[in-house]
Amino acid sequence: MTRPRVALVIPTLDEEAAIGGVIAAVPPDAVDRIVVVDSSSSDRTVEHAKAAGAQVISLAQRGYGRACRVGAEAATDCDIVVFLDGDGSDCPELIPTLVAPLAERRYDFVIGSRARGTREPGSMTPHQLIAGRVLGAAMRLLYGVGYTDMGPFRAIRRDTLMRLRMREETYGWNLEMQMRAARAGLRILELPVAHRRRAGGRSKVSGNLRGTLKASWRILAVFLRIAAERTHDRRGGLPSAERPLR
């Protein structure tokens with residue numbers, strides 16, 4: 001059986017201190033294409049990413065979800081898309097662990113759980129851990145699928161992702177993917193992954209009170225919007241693009 005082609009998508013914003021090391025840590029035989037999608041960094045992130053051998057797509061508009069979507073859309077020659085952050089907190093050496101269940105076609109979506117894995121002290125705040133558990137419990141009530149985290153490190157078959165019709169362009173991208181995947185009846189696997197403190201810079205979400213509040217409100221809005229779509233599904237059934245893939 002031919003090995004599926006794998007694309008690694010890394011959204012970035014001012015990650016010059018970490019991005020080169022992140023790309024260098026990717027196992028050489030694990031991915032076929034590395035796509036860094038940069039949201040108008042003011043530092044040398046783009047220069048460092050190119051020097052490390054990545055394809056770089058520069059966006060004029062910022063938005064975590066927008067960057068992830070653009071990267072996935074660009075990987076037209078790949079079968080599987082892996083997402084991870086460019087700040088050095090995720091562990092690229094674990095990419096084969098997330099990809100294997102997809103390559104073997106046992107699962108459609110694999111998500112790395114920082115909550116279940118080994119965490120370096122200070123790598124996650126208590127409210128991040130609590131939010132992951134609370135939203136995971138809420139999704140179990142809605143869809144019968146429980147998560148423990150909304151971490152960025154995840155892998156999904158590209159054609160499956162395209163059929164989920166993702167809309168979120170900011171902080172709620174990860175949550176939207178998990179909700180739509182659960183609602184679509186995808187075969188989902190959550191695996192524990194190690195997590196480290198970021199290698200440099202400041203978190204755009206948990207690095208300050210304003211960022212935390214902004215992200216929290218956006219994530220809540222995404223949850224309510226997608227949960228409300230469930231009412232339509234009950235009346236008319238799942239859209240054809242979201243029918244179970246089992």
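Along each chain, numbering runs from 1 in the same order as the chain's sequence is written. In keeping with the predicted nature of the model, local features appear solely for residues at pLDDT of at least 70, side-chain atom pairs appear and are counted solely at 80 or more, and the whole-chain, interface and lining totals rest on all residues. Based on all heavy atoms of the structure, the side-chain values leave hydrogens and waters out of the count.

**Q** What am I meant to see in the overall build of the protein here?
**A** The number of helices and strands found in the protein is eight helices and seven strands. Counting all 246 residues of the protein, 53% fall into the buried class. Two residues form a contact once any of their heavy atoms are found within 4.5 Å. Within the protein, contacts between residues at least 6 apart in sequence are counted, and of these 77% link residues at least 24 apart. Accessibility throughout is a Shrake-Rupley quantity obtained with a 1.4 Å probe, and a residue counts as covered only by protein chains that appear here. Summed over its atoms, the accessible surface of the protein is roughly 11300 Å², and 54% of this surface lies on carbon and sulfur atoms. The secondary structure listing takes helices from DSSP runs of H or I that are at least 4 residues long and strands from runs of E that are at least 2 residues long, numbered from the N terminus. Relative accessibility under 20% of the residue-type maximum defines a buried residue, over 50% an exposed one, and the middle range a partly exposed one, all with a 1.4 Å probe and only protein chains included.

**Q** Can you walk me through the pairing of strand β5 (residues 109-113) in this structure?
**A** Residues in a regular strand project their side chains so that they alternate between the two faces of the sheet. Of all the five residues making up β5, five are buried; the element is thus mostly covered by neighbouring parts of the structure. Where burial is concerned, the two faces of β5 agree: the one with F109, I111 and S113 and the one with V110 and G112 are both buried. Strands are labelled as partners when DSSP assigns at least two bridges between them. In the sheet, β5 pairs with strand β6 (residues 154-157) via three bridges, with the strands oriented antiparallel. Each residue of the ladder has a partner; that of V110, found in β6, is A155. Taken together, the five bridges between β5 and strand β7 (residues 188-192) define a ladder with parallel strand orientation.

**Q** Help me understand the pairing of strand β4 (residues 80-83) in this model?
**A** Residue alternation in β4 divides its side chains into two sets, I80 and V82 and V81 and F83, and both sets are buried. Pairing analysis gives four bridges linking strand β1 (residues 6-12) to β4, with the strands arranged parallel. Directly across from V9, in β4, lies its bridge partner F83.

**Q** Where do I start with unusual backbone geometry in this structure?
**A** In most cases, non-glycine residues show a negative phi, while peptide bonds are predominantly trans. One non-glycine residue, D14, lies in positive phi territory at about 55°. Taking relative accessible area as the criterion, D14 reaches 25% and is therefore assigned partly exposed. Positive phi outside glycine occurs at S40, with the angle close to 60°.

**Q** How should the nonpolar core be read in this particular structure?
**A** Within soluble globular proteins, side chains that are nonpolar generally end up buried alongside one another. Formed by 37 residues in total, the largest nonpolar core has its most connected members in F83, L175, M177, M179 and F223. Sort the elements by how many residues they give to this core and helix α7 (residues 173-183) lands first, with six residues. Not counting chain neighbours up to four residues away, the residues in contact with F83 comprise V9, C68, A72, P152, F153, R154, I156, L161, W173 and M177. We call a set of buried residues a nonpolar core when its members are Ala, Val, Leu, Ile, Met, Phe, Trp, Tyr or Cys and they connect through side-chain atoms within 4.5 Å of each other. Residues V36, L84, L98 and L102 belong to the second largest nonpolar core, which totals 27 residues.

**Q** Would you mind showing me how to read the sheet that holds strand β3 (residues 55-58) here?
**A** Strand pairs in the sheet, formed through backbone hydrogen bonds, run parallel or antiparallel to each other. Strands sit in the order β3-β2-β1-β4-β6-β5-β7 across an open sheet of seven strands; the sheet is mixed. In this open sheet, the two edge strands, each paired with only one partner strand, are β3 and β7. Here the strands of the sheet are splayed against their neighbours by 20° on average, with no regard to which way each runs. Fitted lines through C-alpha atoms give the axes, limited to the stretch in contact for helices. The angle between two N-to-C directions lies from 0 to 180 degrees.

**Q** For this particular structure, what's the right way to read the pattern of salt bridges?
**A** Side chains carrying opposite charge are able to pair once their charged atoms draw close together. Salt bridges are identified by distance alone: a Lys or Arg side-chain nitrogen within 4 Å of an Asp or Glu carboxyl oxygen. Overall, the coordinates contain 24 salt bridges when judged by the stated rule. Here E47 ties to R44 by a salt bridge, and the two come within 2.8 Å at their closest N and O atoms. The class of E47 is partly exposed, set by a relative accessible area of 44%. Between R187 and D108 there is a salt bridge whose closest N-O contact spans 2.9 Å.

**Q** Just to check I follow, could you spell out the packing of aromatic side chains for this structure?
**A** The description of two aromatic rings rests on the distance between their centres and on the angle between their planes. Between rings of Phe, Tyr and Trp, where Trp is taken as its six-membered ring, a pair exists when centres lie within 6.5 Å; planes separated by under 30 degrees are stacked, by over 60 edge-to-face, and by other angles tilted. The final tally for this structure, using the stated rule, is one aromatic pair. Judged by centre distance (6.0 Å) and plane angle (65°), the ring pair of F83 and W173 falls under edge-to-face. Separated by 90 residues along the polypeptide, F83 in strand β4 and W173 in helix α7 bring together distant segments of the chain. Considered together, F83 and W173 belong to a single accessibility category, that of buried residues.

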